Amino acid sequence: MPDVTILGIETSCDETGAAVVRSGQKILSNVVASQIATHQPYGGVVPELASREHLRAIVPVVRQALAEATRTYESLDAIAVTQGPGLAGALLVGISFAKALAFALEKPLIAVNHIEGHIHAVLLERKQSGNDDLQFPVLALVASGGHTHLYLARQEGHGWTYQNIGHTRDDAAGEAFDKVAKLLGLGYPGGPTIDQLAAYGNPSAVSFPASQLKHRDRNRPQADDQPRFDFSYSGIKTSVLRYVEVHQLQTSIEARRKALAGISKPNLEDYLLHCDTKTLSLVASFQRAVVEDLVAKTLAAASACDVATLFVTGGVAANNELRQRFEQAAAMEGLPVYFPSRPLATDNAAMIAAAAYPKFLAGDFAAEDFSAEAGMKL
Ligand code: KG4
Ligand code: ZN
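Just so you know, these numbers come straight off a predicted model, no measurement behind them. (Residues numbered from 1 in each chain as written. Chains lettered and ligands numbered in written order. Predicted model: local features only at pLDDT ≥ 70, side-chain atom pairs only at ≥ 80, totals over all residues. Heavy atoms only, no water.)

**Focus: the domain arrangement of the protein**
Considered domain by domain, the protein is made up of domain 1 (5–133 + 345–362) and domain 2 (138–217 + 226–335). The interface of domain 1 with domain 2 comprises 22 residues on the first partner and 18 residues on the second. For the domain 1 face of the interface with domain 2, the top three residues by lost area are Ile115, Ile119 and Ala345, together amounting to 31%. Applying the counting rule to domain 1 against domain 2 returns zero salt bridges. For the interface between domain 1 and domain 2, the tally reads six residue pairs in polar contact (both at pLDDT 80 or more). Residue assignment for the side of domain 1 that touches domain 2 shows that the elements contributing at least two residues are helix H1 (36–39), helix H4 (114–128) and helix H14 (350–361). Broken down by element, the residue count for the side of domain 1 that touches domain 2 peaks at eight residues, all from H4. Considering only residue class, the side of domain 1 that touches domain 2 consists of 12 nonpolar, eight polar and two charged. (Domains from an automatic or database assignment. Contact = heavy atoms within 4.5 Å. Buried area = accessible area lost by both parts, 1.4 Å probe. Salt bridge = Lys/Arg side-chain N within 4 Å of Asp/Glu carboxyl O. Polar contact = N/O pair within 3.5 Å; in protein donor to acceptor, adjacent residues only side chain to side chain. Helix = DSSP H or I, 4+ residues; strand = E, 2+ residues; numbered from the N terminus. Nonpolar A, V, L, I, M, F, W, Y, C, P; charged D, E, K, R; others polar.)

Here's what the structure looks like:
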């Protein structure tokens, strides 16, 4: 098969990404401009600010991606861009730019679902390390700031087909990390901070309800008799809030928030200096509860659907405890489990260019009038 070089563009949330990927298997460049500093004072992503920052960053980020890949615009075979799901205004920046580029260069344009991108991040790195063998069906857990989804994936021709067999009924797993971190005065985004701090607390100190979903809800059959494996993380966030109130942690949280706000880029030592034992154990217990729930439901789904391979991807897949627990649990079941490397777990454009490759082979190009789809499903 001839080499196909695709420029991927990703602007669905708070990272402006551009990447050049060859034939869905070799990353030539992967540039991500993060907006963390912009949104940090607000404790979460502010959609209007996200669009403005994408507008600022898109041209330099795309130029850098081409320069690092030592490719010219003319040498590209196609432009791929995230169509959704995500913030409408943020998506539109990437889509408008990609459309203009494709039109000017007379190159095909490929619209990619962001969630499919997260799944292809795993495949891309498997291929990059020379592993082409993959047993289907694959069960993919996509856990990020916006999604907690389980998909049964199968190969069909050049591409993959997906069947959703579970999703969150309320908050996404990453959203729970971010909200709990915000609640505890630990800044934004919360996932990476909680990940680091959890190692210093006692994960058994606080017990949270195992699952907020009743059994009959969780395994509700669909029309096709496929059992469902849904998630729910808003209850655990409320439990953390209740713990804070009962143990009167508000004053120390406020002190921590103020102290950390005065440090431009707090590091682990800064966080540890401002966290007492109780807080560290609360953080560790929260993480343990979320991780155990993600692992238990995913493994239950894997066994019910008789899958051959497990993918765990999305920003939350960067979590150390999650990776360890999945590795242990999957080994017990004799299931291979694959994760993206940490830079490819969180939002990036290499995964978009990789997901576009089978679409390129299938001639599945975007219509000229395609637009952002904020609630796009996979
Ligand atoms: O995939 P992603 O970059 O963006 C979305 O598509 O949402 O995921 C971002 C989410 C955030 O909620 C962030 O807190 C979480 O992933 N995250 C983590 C870790 N790194 C990022 N959660 C737990 N542990 C981590 N190490
Ligand atoms: Zn994402």
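**Quick word on the packing of helix H6 (residues 190–198) against helix H11 (residues 277–304)**
Two numbers describe how H6 lies on H11: the axes approach to 9 Å, and their chain directions differ by 110°. Relative to H11, H6 is oriented roughly perpendicular. Packed against H6, whose contacting residues are Ile194, Asp195, Leu197 and Ala198, the element H11 presents Leu280, Val283, Ala284, Phe286 and Gln287 at the interface. Here the contact of H6 with H11 is built from residues that sort into seven nonpolar, one polar and one charged. (Axes fitted to C-alpha atoms, helices over the stretch in contact; angles between N-to-C directions. Parallel < 35°, antiparallel > 145°, perpendicular 65-115°, else oblique.)

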